[in-house]
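Here's the letter readout for the chains.
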Amino acid sequence: MTDPKPNNKWKKGFLKTGLPLEYVTSNILNKLGHLIFGEYPYIRPDERRELKEFSVDLRTYKTLDNSNDERLIVLSMLIECKYRQQGTSWIFSPFPSEMIPLGIMNSTEDIVPVRIENENILKFEKGIGYCISGVELSADGNGNTNGVKHGIFQLRFAMPEFVKNDYVSRLERTYYDGRFIDLSCAILVTTADIRVIKPNKSLEDFTSANELDDVTEIKEAIIVNERPGPQLQEFADKLGNELIKEHPELEKRLLDIGKVLIGKEWENRYASDLDTIKRSIGYSAERILIINHKYLDKTIKNLETALQKDIKMEKVYGKVLETNNGFEIKPID
């Protein structure tokens, strides 16, 4: 009597759920020192504009710097995982302008009298490269314009809520006299090959190409930069208005910070105002870092190294002190 052939049907279905990829992603980040909090739930309007609960797969937290207990810089990430069968490609169009968009990192430094640099994180981003809209191409050659968008869509709606909550946390606490900054970003991890169209290609180049490699090149990671659509912009603006309404002390905080920002770097610049804060909530929905799972460890290490170099160039202009009437900003003597 021969043994029955093993039934591997479970494998395909299990992998398609995305749970194995979430598990592997969590383990990689845990080994890099990130705390993993599981799903990040949030409320947003659905396609019928009815409010419903959605979620992103993973939320992470890691202390990047706690030098001598004098400051605390934290990196938080929202991560969506998308499993695709072997041979699937996500193909993106490169950003059409040499002008570099605003960076992938969101920061609460606008509401504390401390500034960290962004020179190295922008170098990191430039090395990866910015793209615009992408499509999915399956192993059998079928194209899908929506395959890439779903995970991006989830993250783009989650980030404004996440950034708003970071602002609220910094307004309500005076840890480290204000030298406490939250940094955050959105990441999409996928098993699909990430490809970018090669520069200066004509339509004839695509029609005459024999291989996908003729017109695209494999990337370890890319940054998708897209402006919010009307519904997403309306959602982000609503959150910004709620923050301003629920925390009237925000305006005074920003005015007080403006009074302590000194030095040559501020002679032709202005401190942040309420509009800046509101716009930053909207900007958080524009940029998503997409990483092939094989390069997750490498990419996150490079991201953290760039941030830590920028943190070392921190400039402190004042302290946030708690008073009987709330808070006050005291300039550095």
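Residues numbered from 1 in each chain as written. Predicted model: local features only at pLDDT ≥ 70, side-chain atom pairs only at ≥ 80, totals over all residues. Heavy atoms only, no water.

**Focus on the overall build of the chain**
Thinking step 1. Counting its secondary structure elements, the chain contains nine helices and 18 strands.
Thinking step 2. Along the first, second and third principal axes, the C-alpha atoms of the chain reach 80 × 55 × 45 Å.
Thinking step 3. In the chain, which comprises 333 residues, the share counted as buried stands at 46%.
Thinking step 4. By sequence separation, contacts in the chain at least 24 residues apart represent 77% of the contacts at least 6 residues apart.
Thinking step 5. Accessible surface for the chain amounts to roughly 18100 Å². Of this, 49% is attributable to carbon and sulfur atoms.
Thinking step 6. Side-chain charges in the chain split into 47 positive and 53 negative, and the spacing between the mean points of these groups amounts to 2 Å. (Helix = DSSP H or I, 4+ residues; strand = E, 2+ residues; numbered from the N terminus. Buried < 20%, exposed > 50% of the residue type's maximum accessible area, 1.4 Å probe, protein only. Contact = heavy atoms within 4.5 Å. Areas by Shrake-Rupley, 256 points an atom, 1.4 Å probe, with all protein chains shown as cover. Lys, Arg positive; Asp, Glu negative; His and termini not counted. Charge placed at Lys NZ, Arg CZ, Asp CG, Glu CD.)

**Structural notes on the pairing of strand 9 (residues 130-137)**
Thinking step 1. Alignment of strand 6 (residues 89-94) against strand 9, held across six bridges, turns out to be antiparallel. Bridging across to strand 9, Ile91 finds its partner in Val135.
Thinking step 2. Summarising the sheet, strand 9 and strand 14 (residues 221-225) pair through two bridges and their orientation is parallel. The residue bridging Tyr130 from the neighbouring strand is Ile223, located in strand 14.
Thinking step 3. Note: strand 9 against strand 10 (residues 143-144), two bridges, orientation antiparallel. The residue bridging Leu137 from the neighbouring strand is Gly143, located in strand 10.
Thinking step 4. Where strand 9 hands over to strand 10, the hairpin turn is made up of five residues, of which Gly141 adopts a positive phi near 95 degrees. (Pairing = 2+ DSSP bridges.)

**A word on helix 8 (residues 274-283)**
Structural remark: α-helix, 3.6 residues per turn; residues separated by three or four positions point the same way.
Thinking step 1. Taken together, the buried positions of helix 8 are occupied by Leu274, Ile277, Ser280, Ile281 and Gly282.
Thinking step 2. At the N-terminal boundary of helix 8, the capping side chain belongs to Asp273, with an oxygen 3.2 Å from the backbone nitrogen of Asp275. (Polar contact = N/O pair within 3.5 Å; in protein donor to acceptor, adjacent residues only side chain to side chain.)

**A few points about the packing of aromatic side chains**
Thinking step 1. One pass over the full model with this rule turns up eight aromatic pairs.
Thinking step 2. These aromatic residues form a ring-pair network of at least three members: Phe153, Phe157 and Phe235.
Thinking step 3. Lying across the ring of Phe37, Arg59 places its NZ or CZ 5.3 Å from the centre.
Thinking step 4. Directly above the aromatic system of Phe180 lies the positively charged group of Arg170, at a separation of 3.8 Å from the ring centroid. (Phe/Tyr/Trp six-rings, centres within 6.5 Å; stacked < 30°, edge-to-face > 60°. Lys NZ or Arg CZ within 6 Å of the ring centre and 35° of its normal.)

**Some remarks on the side chain of Ser184**
Thinking step 1. If you trace the backbone, Ser184 turns up in strand 11 (residues 180-190).
Thinking step 2. Sequence-distant contacts of Ser184, defined by excluding residues within four places in its chain, comprise Ser76, Ile104, Met105, Asn106, Met159, Phe162, Val163 and Asp166.

**A word on the pattern of salt bridges**
Thinking step 1. Tallied over the full model, the rule gives 22 salt bridges.
Thinking step 2. Note that Glu119 and Lys123 form a salt bridge whose closest N and O atoms lie 3.6 Å from each other. Pair noted here: Glu119 and Lys123 are both in helix 3 (residues 119-128), with a separation of four residues, about one helical turn.
Thinking step 3. Residue classification places Glu119 among the partly exposed residues on the basis of a relative accessible area of 42%.
Thinking step 4. With relative accessibility at 53%, the residue Lys123 sits in the exposed group.
Thinking step 5. Taking the shortest distance from any N to any O, the salt bridge between Glu314 and Arg179 comes out at 2.6 Å. Pair noted here: Glu314 is in the loop between helix 9 (296-311) and strand 16 (315-316) and Arg179 is in the loop between helix 4 (149-171) and strand 11, with a separation of 135 residues, a long-range link.
Thinking step 6. When salt bridges that share partners are traced, they join Asp65, Glu70, Arg71, Arg179 and Glu314 into one network. (Salt bridge = Lys/Arg side-chain N within 4 Å of Asp/Glu carboxyl O.)

**Describing a nonpolar patch on the surface**
Thinking step 1. Side chains of Trp10, Phe14 and Leu19 sit close together on the surface and give an oily, nonpolar patch of about 330 Å² of accessible area.
Thinking step 2. Looking at the secondary structure, you find Leu19 in helix 2 (residues 19-31).
Thinking step 3. Since its relative accessible area comes to 47%, Leu19 is described here as partly exposed. (Patch = residues over 30% accessible without salt bridge, like charges linked within 9 Å, V, L, I, M, F, W, Y side chains within 5 Å.)

**So, the environment of Asp69**
Thinking step 1. Relative to the assigned elements, Asp69 resides in the loop between strand 4 (58-65) and strand 5 (72-82).
Thinking step 2. Classification of Asp69 as exposed rests on a relative accessible area of 55%.

**Let's talk about helix 9**
Thinking step 1. With 16 residues, helix 9 should cover 22 Å at 1.5 Å per step; its first-to-last C-alpha distance of 22 Å lies within 8% of that length.
Thinking step 2. Here helix 9 has its buried residues at Leu296, Thr299, Ile300, Leu303, Glu304, Ala306, Leu307, Asp310 and Ile311. Down the axis of helix 9, the buried set is contained in an arc of 160 degrees. They therefore lie on one face. (Expected span 1.5 Å × (residues − 1). Arc of directions from axis to C-beta.)

**Here's the deal with the confidence of the model for the chain**
Thinking step 1. Confidence along the chain averages 90 in pLDDT terms, with 95% of residues attaining 70 or more.
Thinking step 2. No element of the chain has a lower mean pLDDT than strand 10, which averages 85, and none a higher one than helix 9, which averages 97. (pLDDT = per-residue confidence, 0-100.)

**Section: the packing of helix 4 against helix 6 (residues 230-246)**
Thinking step 1. Packing of helix 4 against helix 6 brings their axes to within 10 Å, and their N-to-C directions diverge by 10 degrees. In terms of their interaxial angle, helix 4 and helix 6 are classed as roughly parallel. Here Arg156, Phe157, Pro160, Glu161, Lys164, Tyr167, Val168 and Leu171 of helix 4 lie close against helix 6, whose contacting residues are Gln231, Leu232, Phe235, Ala236, Leu239, Glu242, Leu243 and Glu246.
Thinking step 2. A per-class count over the contact of helix 4 with helix 6 returns ten nonpolar, one polar and five charged. (Axes fitted to C-alpha atoms, helices over the stretch in contact; angles between N-to-C directions. Parallel < 35°, antiparallel > 145°, perpendicular 65-115°, else oblique. Nonpolar A, V, L, I, M, F, W, Y, C, P; charged D, E, K, R; others polar.)

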